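Chain by chain, the residues:
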Amino acid sequence: MSNVLDVESLSVEFCVNGNDFYAVRDVSFHIKAGETFGLVGESGCGKSVTSLALVRLLSKLAKVHGNVHYSGRNLLKLSDREMRQVRGNEVSMIFQEPMTSLNPVYKIGAQISESLRLHKKLSARDAFQQALEMLRKVGIARPNEIMDEYPHQLSGGMRQRVMIAIAMVCNPNLLIADEPTTALDVTIQAQILELMRTLSSDYGTSVLLITHDLGVVAEMCDRVAVMYAGEIVEQGSVDDIFFAPNHPYTKGLLNAIPKIDAVTKERLQPIEGNVPSLSRMPKGCRFAPRCANAMEQCKTESPELFDVGEEHTSRCWLSKPKEANA
Amino acid sequence: MSDVLLEINNLKKHFPLRKGFLHTVNGSVRAVDGISLQIQTGETIGVVGESGCGKSTMGRSILRLIEPTHGVVKFEGKNILALNKAQMRTMRREMQIVFQDPYASLNPRYTIFQTLSEPLEVHQLYDPATRRQRVYSILQRVGLDPSYASRYPHEFSGGQRQRIGIARALILNPKLIILDEPVAALDVSVQSQVINLLEDLQKEFNLTYMFIAHDLSVVKHISNRVLVMYLGRMAELASSDKLFSQPVHPYTRALLSAVPIPNPRARRVRTILQGDLPSPAHPPSGCVFHTRCPLAQDVCRHDVPEWREVAEDHFAACHFAEPSSEVFQQA
C-alpha cells in the first residue's frame, strides 16, 4: 500500500525567554492509504503540536525541522499560497472545541460552502447545493434550516457534525482529527465516531486521529503511535499496542485505566510522578524518572526506537535487540 | 435500613426563567426534579449522566450551596434544609465537597497553608500551633510534602492541586464528601493516583462518598452503588455490579454501550441514541427519555413511569424495565 503521508524526523522548537525547548523531538511515522492512524498521549506530550506542524498552522515563532511528504511534495517546503491549496482541500482538520473553531458570525451554510468555492471554484448556487448534501450526509436533521442558522444555535454534537461536514466537503485524502470527541458526552461521542468511520470508509479518506482516550483508539485505529514528553515511545498495530505492549509507559497507561468490562475489582496501578515539564526534561530517557525498570544507562543516554516486531518499535533500552530481554 | 447517613426525599431544584423588562417568571429549568435516595455510612454512591442531567446541581443542593426548591435532606436524621445559616455552617463540618477544576477551585492568592487552615479558623477549631500540625499532617496524608505549604496554587500540577482540594475537604474530619468530577480534569496516569488515594482515605477515615462523574469506567471502579440520572430525574439505581452487568433501563444500556472499551477485539452490539438531550426547560411529556428511547411506545409519551424495584435492590423508572428480559438482551 502506498503512503498518504510520510513524516520524517519532525521536530518543533519553541523559544521561551531566550531558551529553546523541544516540544516535539524526532517524530517519524507514515499513514497508509485508507487507514486510521492514532496518536495517543497525555496532555502536553506534543500530539497536537505535531498535528499543527504537519499542516503548518503553528505560529512563526515555532521552529519546525524535518520533512513531511505528502503526494510527492514536502509540505514544510511549500509556499504559503501552495499550502493554502492543500489545506482544507486535500488535507483537512477537525478540532476539539467545536464552538471556537466555527466562525460565530457566519451562517453554517456559508462556512461549509466557503471551501467549495475556494478550492473547487464552484458557483455560489452549486456550492450551496453540495454543502446541503454534505449536511445531510453527516446526519443533520432539517439540513435546510440549519444552513441558515448560526453556530450558537446548535448543540455541541451538531457543531461537531458541521465541523466534519466542512472537513469532508472537498473530499480530502487525509483528515486530521485532533481530539474530535473530547468535549462531547459519551452517547454523542458514539454518534460522531460512527459517523467518522462511515465517512472515511465511503470516501477512502485516511485519518490521523489524535486522542488521549485509549478506548477511542482501540475502537477506531489500525495503527498507533504512543507519545510521551514530545517523543514517540512506541509504535505498532492496535493489537501490538493493546496485547503486546513493549514500552513501560504504554504498559503503565494500560494498567492505570479502570476497565468497564472488568469482572473483579482490582486496585489501579498508577504511573507514579508527573510528566516532566519542557524546561526540566530529564537528560537520558524522558520516561526514566517514572519508570520502574530504569537502569543507570536510562539516566544518561536517550534510547532510540528499536524494532520489537514487524512494524512495531519501542524507545526503550530494555528492547535493544542484542540484550535479548525484550 | 440501618446506618443511613444521608436521606434525600423528593429533592427538586427549579431555576426560574425570566423574561422581558420586568423579569417576570415565565417558566423554569427543572435541573433536579424529584430525587430520593438513601446513602449508608461508609459507602460510595456513584452518580452518572450526561452533561446537563443535573448531577452537579444535585450534589450542590444537598450541601445547600444551591438552595433546593423542594424536598427533604436528612443528615443523620436531621433535616438540614430547615437549619438557619449558623446551624448550617456548623453542619458543613460534617459534609464537604471536592470540585472538578483544581485550577479554579483554589484561591490563587492564598498559600496552600492559608487555604488549608481557613476551614479550621472558620470553625474556630484548635489553637494556631495545632492547626499548623493538622495542615502538615493532612498534606502528608494526601501525598504532598509539608514544605509545600508555603507555595501558591500555580506552582502545582493538576494532580497535586486536586490532592490539595481533597486535603481541604478532609481537614475538618467530615463524614460525607461529595466528589464532583474529581478526576475529570486529570490525565490518565495521574487520575489513577488520585482514585487510589480516595479509596485509601475512605478506608482510613470511614468516609462516605457521593462520586459524581461522567466517566462510567471510573464510576464502576470506585462505587458500591450507582445512580443513573437523565434530565434531572432518576433513571436507574443498583449495585455497581448489577448496574453494569444487567442494566434494565434503556438509557443505562445505551450509555454503557457507548463507552469505548480499550480492547480492539471487544465486539459489542451498540445502541446509538439518536439526537441530543432535550432541554430541561421543556422536558418531554410522559417518560422524559421517550424522545431518544429505542423502545418508546405510546404509553411512554403519556404516562410518567413510576420508580419501582425491578429486582432486589435494583430500581428503575421505565414502563418496560424487566430483569433480563429478552428485548433488552445485550451482547
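Reading the values: the criteria
- Residues numbered from 1 in each chain as written.
- Chains lettered and ligands numbered in written order.
- Predicted model: local features only at pLDDT ≥ 70, side-chain atom pairs only at ≥ 80, totals over all residues.
- UniProt positions renumbered as here; feature names shortened; annotations may be inferred.
- Helix = DSSP H or I, 4+ residues; strand = E, 2+ residues; numbered from the N terminus.
- Rg over C-alpha atoms; globule rule 2.2 N^0.38 Å.
- Buried ≥ 20, exposed ≤ 12 C-beta atoms within 10 Å, placed from the backbone.
- Contact = placed C-beta atoms within 7 Å.
- Pairing = 2+ DSSP bridges.
- Axes fitted to C-alpha atoms, helices over the stretch in contact; angles between N-to-C directions.
- Parallel < 35°, antiparallel > 145°, perpendicular 65-115°, else oblique.
- Left-handed = near helix turned anticlockwise from the far one by under 90°.
- Nonpolar A, V, L, I, M, F, W, Y, C, P; charged D, E, K, R; others polar.
- pLDDT = per-residue confidence, 0-100.
- Core = buried A, V, L, I, M, F, W, Y, C linked by C-beta atoms within 7 Å.

For chain B, an unreviewed UniProt entry supplies the name Peptide ABC transporter substrate-binding protein and the organism Ferroacidibacillus organovorans. Quoted verbatim from the Sequence similarities (unreviewed entry) field of the UniProt record, the comment on chain B reads "Belongs to the ABC transporter superfamily."

An unreviewed UniProt entry lists chain A under the name ABC transporter ATP-binding protein, with Ferroacidibacillus organovorans as the source organism. For the record of chain A, the UniProt heading Sequence similarities (unreviewed entry) holds the text "Belongs to the ABC transporter superfamily."

Draft legend 1. Here's a closer look at the overall build of chain B. The number of helices and strands found in chain B is ten helices and twelve strands. Against the globule reference of 20 Å for 331 residues, chain B gives a C-alpha radius of gyration of 21 Å, in line with a compact fold. Summarising its shape, the C-alpha atoms of chain B cover approximately 65 × 60 × 45 Å along the three principal directions. Each of the 331 residues in chain B was classed as buried or not, and the buried ones make up 45%. Considering only residue pairs separated by 6 or more positions, chain B has 64% of its internal contacts joining residues 24 or more positions apart.

Draft legend 2. Structural detail: the overall build of chain A. Secondary structure assignment for chain A yields eleven helices and twelve strands. Taken against the 2.2 N^0.38 rule, which gives 20 Å for 326 residues, the C-alpha radius of gyration of chain A at 21 Å falls within 12% of a compact globule. Each principal axis of the C-alpha atoms in chain A carries an extent, and together these give about 65 × 50 × 40 Å. Taken across its 326 residues, chain A has 48% of its residues classed as buried.

Draft legend 3. Quick peek at the interface of chain A and chain B. Residue-level contacts link 35 residues of chain A with 33 residues of chain B. Within the residue set of the side of chain A that touches chain B, elements represented by two or more residues are helix H7 (186–203), helix H8 (214–220), helix H9 (238–243) and helix H10 (248–256) of chain A. It is H7 of chain A that contributes the most residues to the side of chain A that touches chain B, six residues altogether.

Draft legend 4. Expanded view of the sheet that holds strand E2 (residues 19–32) of chain A. Residues and elements named next belong to chain A. Across the sheet, four strands lie side by side as E2-E1-E4-E5; this open sheet has antiparallel pairing. The open sheet has two edge strands with one neighbour each: E2 and strand E5 (73–74). The pairing of strand E1 (residues 3–16) with strand E4 (residues 63–70) spans seven bridges and is antiparallel. Looking at E4, one finds that Leu 5 is bridged to Tyr 70.

Draft legend 5. Representation of the packing of helix H5 (residues 158–170) of chain B against helix H6 (residues 188–205) of chain B. Residue and element names in this part refer to chain B. Where H5 contacts H6, the axes come no closer than 10 Å and their chain directions differ by 20°. Taken as axis vectors, H5 and H6 run roughly parallel relative to one another. Read as a crossing pair, H5 and H6 show a hand that is right-handed. Contacts from Gly 158, Gly 159, Gln 162, Arg 163, Ile 166 and Leu 170 of H5 reach H6 at Val 190, Gln 193, Val 194, Leu 197 and Leu 201. Across the contact of H5 with H6, the residue classes break down as six nonpolar, four polar and one charged.

Draft legend 6. Quick peek at the UniProt feature "domain: ABC transporter" (unreviewed entry) in chain B. Under the present numbering, the feature "domain: ABC transporter" (unreviewed entry) in UniProt falls on residues 6–256 of chain B. Helix and strand shares over residues 6–256 of chain B are 36% and 28% respectively, and the end C-alpha atoms of the span are 28 Å apart.

Draft legend 7. Up close: unusual backbone geometry. Even without being glycine, Arg 142 of chain A reaches a positive phi, approximately 50°. Residue placement: Arg 142 of chain A occurs in the loop between helix H4 (124–137) and helix H5 (143–146). A positive phi angle, near 55°, is found at Asn 173 of chain B, a position not held by glycine. Mapped onto the secondary structure, Asn 173 of chain B falls in the loop between H5 and strand E7 (176–180). Residue Asn 173 of chain B is classed as partly exposed on the basis of its 13 C-beta neighbours within 10 Å.

Draft legend 8. Local environment of the pairing of strand E1 (residues 4–19) of chain B. All names here are of chain B. Relative to strand E2 (residues 24–40), E1 runs antiparallel, the two being bridged by twelve bridges. When the sheet's bridge partners are listed, Glu 7 is paired in E2 with Gln 38. Between E1 and E2, which follow one another and run antiparallel, lie four residues, and Gly 20 among them has a positive phi close to 75°. Both E1 and strand E4 (residues 70–75) contribute to a ladder of five bridges, which runs antiparallel. Counted as the bridge partner of Lys 12 is His 70 from E4.

Draft legend 9. Quick look at the UniProt feature "domain: ABC transporter" (unreviewed entry) in chain A. The residues that UniProt annotates with the feature "domain: ABC transporter" (unreviewed entry) are residues 5–254 of chain A. In residues 5–254 of chain A, helix accounts for 38% and strand for 28%; the two terminal C-alpha atoms are 28 Å from one another.

Draft legend 10. How the structure looks around the confidence of the model for chain B. This prediction gives chain B a mean pLDDT of 89; 97% of its residues lie at or above 70. For this predicted complex, the interface score ipTM comes out at 0.82, while the overall pTM is 0.87.

Draft legend 11. Structural context of the nonpolar core. In this structure, Ile 164, Ala 165 and Val 226 of chain A together with Phe 211 of chain B are the most contacted members of the largest nonpolar core, which totals 186 residues. The contacts of Ile 164 of chain A, once residues within four sequence positions are left out, are Ile 94, Val 138, Leu 195, Met 196 and Leu 199 of chain A.

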